[in-house]
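Listed below are the residues making up each chain.
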Amino acid sequence: MQASQSTAQKDDHACGDPLVIGSLTLHSRLLLGTSGYPNMQVLLESIATSGTELITVAIRRINLDDEQEEGFLSTIRSLPVALLPNTAGCYTAKEAVLVAELAREALETDLIKLEVIGDDETLMPDSEQLLKAASELVMSGFTVMAYSNDDPITCRKLADIGCAAVMPLASPIGSGMGLVNPYNLQLIRELLPSVPLIVDAGIGTASDAALAMELGYDGILLNTAVSKAEHPVQMAAAMRHAVMGGRFAYSAGRIPRRFFAQASSPMQGRVGQ
């Protein structure tokens, strides 16, 4: 699968090679959710401004028999972006697998963002059910992008199962708390150097996205940070540039941190020597 041509290719080619997830090739490394926007027009403008080439939609929360929601799906399917159905709202592996199968039939895609949530208060992933669902879906031929907590062991198990991408959270869904445990995120990157890693959930503002990319992550998936911003379209633009900037900085290679100062100008030839 090749994402449709977009202005993202013009801006993001300079970030290096494209992001490849299964058979999907993306030039933009910003993935965008579609829920919670003030209205459809703001959503469409935000998608266009962000430069994203992949948007998500929660299948379980959409009544495919409802004309209004069917119209919503029809509209976003007409956009020049790939569609990533997700299993948001599922609490067991059985539920998640069923929703994924419904999504594949309804949207004719093997792509699935796998979410299996443990409870209504924290919305944190249930690792046991997540691993079970991931295994079943991979064996069924899905291209699984698995949303996980920031536990390196769980992330490694998801990669070993054969998930096309592993998506650890920065902080709880919708919290806007940013990267609460950058150490774990960096450790996951070190443990899984060749697996596509995407930070998902908890991003609050552009600096959060840039920091995640500077840790070596391959992309950012966010929703609330844009949809609930005071000016969603403007925030979509900020996130686009933050993801690009973070990728540039990581690719450039930062200077090492030093405990003491180091003069940037040569010491030789100073006046008075």
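See the structure above.
What you are looking at is a predicted structure, and each value in this text was computed from that prediction instead of being measured.

Trainee: Would you take a moment to explain the overall build of the chain for this structure?
Mentor: For the chain, the helix and strand inventory stands at 10 helices and 10 strands. Going through the 273 residues of the chain one by one, you find that 51% of them count as buried. Within the chain, residue pairs in contact and separated by at least 24 positions form 64% of the contacts whose partners lie at least 6 positions apart. Just so you have it, the chain exposes about 13,300 Å², and 52% of that area is on carbon and sulfur atoms.

Trainee: Sorry if this is basic, but what is going on with the side chain of Ser 171 here?
Mentor: Among the structural elements, Ser 171 can be located in the loop between strand 8 (165-168) and helix 7 (182-191). Take Ser 171: its relative accessible area is 0%, and that puts it in the buried class. For Ser 171, the side chain forms a polar contact with the side chain of Ser 175, separated by 3.2 Å. A distance of 3.3 Å separates the side chain of Ser 171 from the backbone oxygen of Gly 202, its partner in a polar contact. Dropping the residues within four chain positions of it, Ser 171 is found in contact with Met 177, Gly 178, Val 180, Ala 201 and Gly 202.

Trainee: What am I meant to see in unusual backbone geometry here?
Mentor: Excluding glycine, residues mostly carry a negative phi; peptide bonds, for their part, are mostly trans. Within the chain, Glu 108 stands out as a residue other than glycine whose phi angle is a positive 55 degrees. Note that Glu 108 resides in the loop between helix 4 (93-107) and strand 6 (111-114).

Trainee: Honestly, the nonpolar core in this entry has me stumped. Any pointers?
Mentor: The nonpolar side chains of a soluble globular protein tend to be buried with one another. Counting 64 residues, the largest nonpolar core has Leu 114, Ile 203, Ile 220 and Met 239 as its most contacted members. Of the residues forming this core, the biggest block, seven residues, is contributed by helix 4. Apart from residues lying up to four places away in sequence, Met 239 is in contact with Leu 30, Ile 203, Gly 204, Thr 205, Ala 206, Ala 209, Leu 222, Ala 225 and Val 226. Counting residues in each nonpolar core, the second largest holds 15 residues, with Leu 19, Ile 21, Ala 164 and Ile 198 among its members.

Trainee: How should I be thinking about the pairing of strand 7 (residues 143-148) in this particular structure?
Mentor: On a regular strand, each side chain points to the face opposite its neighbour's, so the side chains alternate between the two faces of the sheet. Most of strand 7 sits inside the fold, with six of its six residues counted as buried. In strand 7, alternate side chains face the same way, and those of Thr 143, Met 145 and Tyr 147 on one face and Val 144, Ala 146 and Ser 148 on the other are all buried. Sheet analysis places strand 6 next to strand 7, joined by four bridges and oriented parallel. Paired with Leu 111 across the bridge in strand 7 is Thr 143. In this fold, the crossover linking strand 6 to strand 7 by way of helix 5 (residues 127-139) has right-handed handedness. Handedness of the strand 7-helix 6 (residues 152-161)-strand 8 crossover: right-handed.

Trainee: How should I be thinking about the pattern of salt bridges in this particular structure?
Mentor: Close approach of charged atoms lets side chains of opposite charge pair. Enumeration according to the criterion identifies four salt bridges in this entry. Between Arg 189 and Asp 218 there is a salt bridge, with its nearest N and O atoms 2.8 Å apart. In this pair, Arg 189 is assigned in helix 7 and Asp 218 in the loop between helix 8 (206-214) and strand 10 (219-222), connecting sequence segments 29 residues apart. What makes Arg 189 buried here is its relative accessible area of 8%. In this structure, a network of salt bridges that share partners links the residues Lys 113, Glu 115 and Asp 200.

Trainee: Just to check I follow, could you spell out the packing of helix 2 (residues 40-50) against helix 10 (residues 232-252) for this structure?
Mentor: Helix packing geometry: the angle between the two helix axes and the distance between the axes. Two numbers describe how helix 2 lies on helix 10: the axes approach to 8 Å, and their chain directions differ by 20 degrees. On the basis of the axis angle, helix 2 is roughly parallel to helix 10. Like other packed secondary-structure pairs, helix 2 and helix 10 cross with a definite hand, here right-handed. Contacts between helix 2 and helix 10 pair Val 42, Glu 45, Ser 46, Ala 48, Thr 49 and Ser 50 from the former with Pro 232, Val 233, Ala 236, Ala 237 and Arg 240 from the latter.

Rules and cut-offs
- Residues numbered from 1 in each chain as written.
- Predicted model: local features only at pLDDT ≥ 70, side-chain atom pairs only at ≥ 80, totals over all residues.
- Heavy atoms only, no water.
- Helix = DSSP H or I, 4+ residues; strand = E, 2+ residues; numbered from the N terminus.
- Buried < 20%, exposed > 50% of the residue type's maximum accessible area, 1.4 Å probe, protein only.
- Contact = heavy atoms within 4.5 Å.
- Areas by Shrake-Rupley, 256 points an atom, 1.4 Å probe, with all protein chains shown as cover.
- Polar contact = N/O pair within 3.5 Å; in protein donor to acceptor, adjacent residues only side chain to side chain.
- Core = buried A, V, L, I, M, F, W, Y, C linked by side-chain atoms within 4.5 Å.
- Pairing = 2+ DSSP bridges.
- Right-handed = clockwise from strand over helix to strand, strands pointing away.
- Salt bridge = Lys/Arg side-chain N within 4 Å of Asp/Glu carboxyl O.
- Axes fitted to C-alpha atoms, helices over the stretch in contact; angles between N-to-C directions.
- Parallel < 35°, antiparallel > 145°, perpendicular 65-115°, else oblique.
- Left-handed = near helix turned anticlockwise from the far one by under 90°.

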